[in-house]
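What follows is each chain in one-letter form.
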Amino acid sequence: MENCPTCAKASLEKGVVNGEVVFVCPHCTLWFYSSEVRGRLPSDEDWYTDPVSVAPQYIRSCLETMRPTFQRQITELNNLVEERQVLDVGCGLGFFLSVAASEGWETKGFEKNIHAANVAQDILNISITNEFNKILDESFSVVRLSHILEHVSNPLDFLSSAISKLRPGGISISIVPNVNSFSYSAITLIRNLATKSNRITAPMSPGHHILGFNRLSLSKLYEAVSMQPLKVFNISMGSQTFYPFFYDGLMTRQKITDFNLKTLLKYWLPLFLDNVGNGFGGGQWVVGYFKKPLK
Ligand SMILES: [Zn+2]
């Protein structure tokens, strides 16, 4: 029996995603692998090691490609908070922080991946730390978690310490993959009808995305650390603010001419089709804004 990492309630088996059983919490609807699978070492530590992709000139060109996207995200935050200090937890190469700094924000990045941290510090002049405990409590107006929570084994402890860096009245924004996306749900349904298989197509895999969120489970996690939901919604590829067309999720936008037909159909078409699901919880990504109550 596996208990939900958010609400500690007994869970149900949902099916098999990428070779391991996934459980679902009947209370908050979080999807999760067993604690044993979640405890395995991450398989994605070698990101940002390719010297070509971290060459200064290439990094700067990726930053310029992504600048309008991050500027829109910063405009949203400018409308929500007065003070301008942002902590980006798992900031990767620091593109968001670089744009935030150029828009007048004080910035700090937390990044454990040494290759990414080096790029952010040496090429983009971002202040980065890998010692979370040394960051002062209640010293930021925004704590950003972009593509982070789905990688975390114990989301309650993780989010709780992230939120401790936020001032009362401050905002946390999270972006996570949606386990209820329209295209993957349709693929799963068709396969199950055709083969009686318990295989599920979902954005989860051992060593990588070990939790699966939707709008409700993301909100419940934040509520469990006493944060108030402001707005929680779905977006899909094509969102100008969060996920422009052919964004690879890490560095830059690619061009449609970079792909062969098979890749376009198999990888990119489902992401595009998920726009159909944005309105009813079937988009590709969940975006949530949450507020820390005033004392
Ligand atoms: Zn739960």
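Details of the structure are given in the entry above.
Please read these numbers as outputs of a predicted model, since none were measured by experiment.

Caption draft 1: Just the overall build of the chain, in detail. Tallying secondary structure elements over the chain gives 8 helices and 11 strands in all. Its C-alpha atoms give the chain a radius of gyration of 19 Å, within 12% of the compact-globule value 19 Å for 295 residues. Reported as C-alpha extents along the three principal axes, the dimensions of the chain are approximately 55 × 50 × 35 Å. Out of the 295 residues belonging to the chain, those deemed buried represent 40%. In the chain, the share of contacts with a sequence separation of at least 24, taken over all contacts with a separation of at least 6, comes to 69%.

Caption draft 2: Here's a closer look at unusual backbone geometry. Even without being glycine, Asn125 reaches a positive phi, approximately 55°. As for its position among the elements, Asn125 is in the loop between helix 4 (114–122) and strand 6 (128–129). Its identity as a non-glycine residue notwithstanding, Ser226 has a phi of 65°, on the positive side. In this fold, Ser226 is placed in the loop between helix 7 (215–224) and strand 10 (228–235).

Caption draft 3: Layout of the nonpolar core. Ranked by size, the top nonpolar core spans 73 residues in total, and within it Ala120 and Val143 carry the most contacts. Residues contacting Val143, with those up to four places away along its chain left out, are Leu87, Val89, Ala162, Ile163, Lys165, Leu166 and Ser172.

Caption draft 4: Structural view of the packing of helix 2 (residues 56–78) against helix 3 (residues 95–102). Interaxial distance between helix 2 and helix 3 falls to 9 Å at its minimum, and their mutual angle equals 65°. Considering their axes alone, helix 2 and helix 3 lie roughly perpendicular with respect to each other. Seen from above, helix 2 lies across helix 3 with right-handed handedness. In this structure, helix 2 uses Leu63, Met66, Arg67, Phe70, Gln71, Gln73 and Ile74 to contact helix 3, whose residues at the interface are Phe95, Phe96, Ser98, Val99 and Ala100.

Caption draft 5: Local environment of the pairing of strand 1 (residues 12–17). The sheet contact formed by strand 1 and strand 2 (residues 20–24) spans 5 bridges and is antiparallel. Considered in strand 2, the bridge of Gly15 is made with Val22. Following strand 1, the chain reverses through 2 residues before pairing antiparallel with strand 2; Asn18 in that reversal takes a positive phi of roughly 50°.

What counts and how
- Residues numbered from 1 in each chain as written.
- Predicted model: local features only at pLDDT ≥ 70, side-chain atom pairs only at ≥ 80, totals over all residues.
- Helix = DSSP H or I, 4+ residues; strand = E, 2+ residues; numbered from the N terminus.
- Rg over C-alpha atoms; globule rule 2.2 N^0.38 Å.
- Buried ≥ 20, exposed ≤ 12 C-beta atoms within 10 Å, placed from the backbone.
- Contact = placed C-beta atoms within 7 Å.
- Core = buried A, V, L, I, M, F, W, Y, C linked by C-beta atoms within 7 Å.
- Axes fitted to C-alpha atoms, helices over the stretch in contact; angles between N-to-C directions.
- Parallel < 35°, antiparallel > 145°, perpendicular 65-115°, else oblique.
- Left-handed = near helix turned anticlockwise from the far one by under 90°.
- Pairing = 2+ DSSP bridges.

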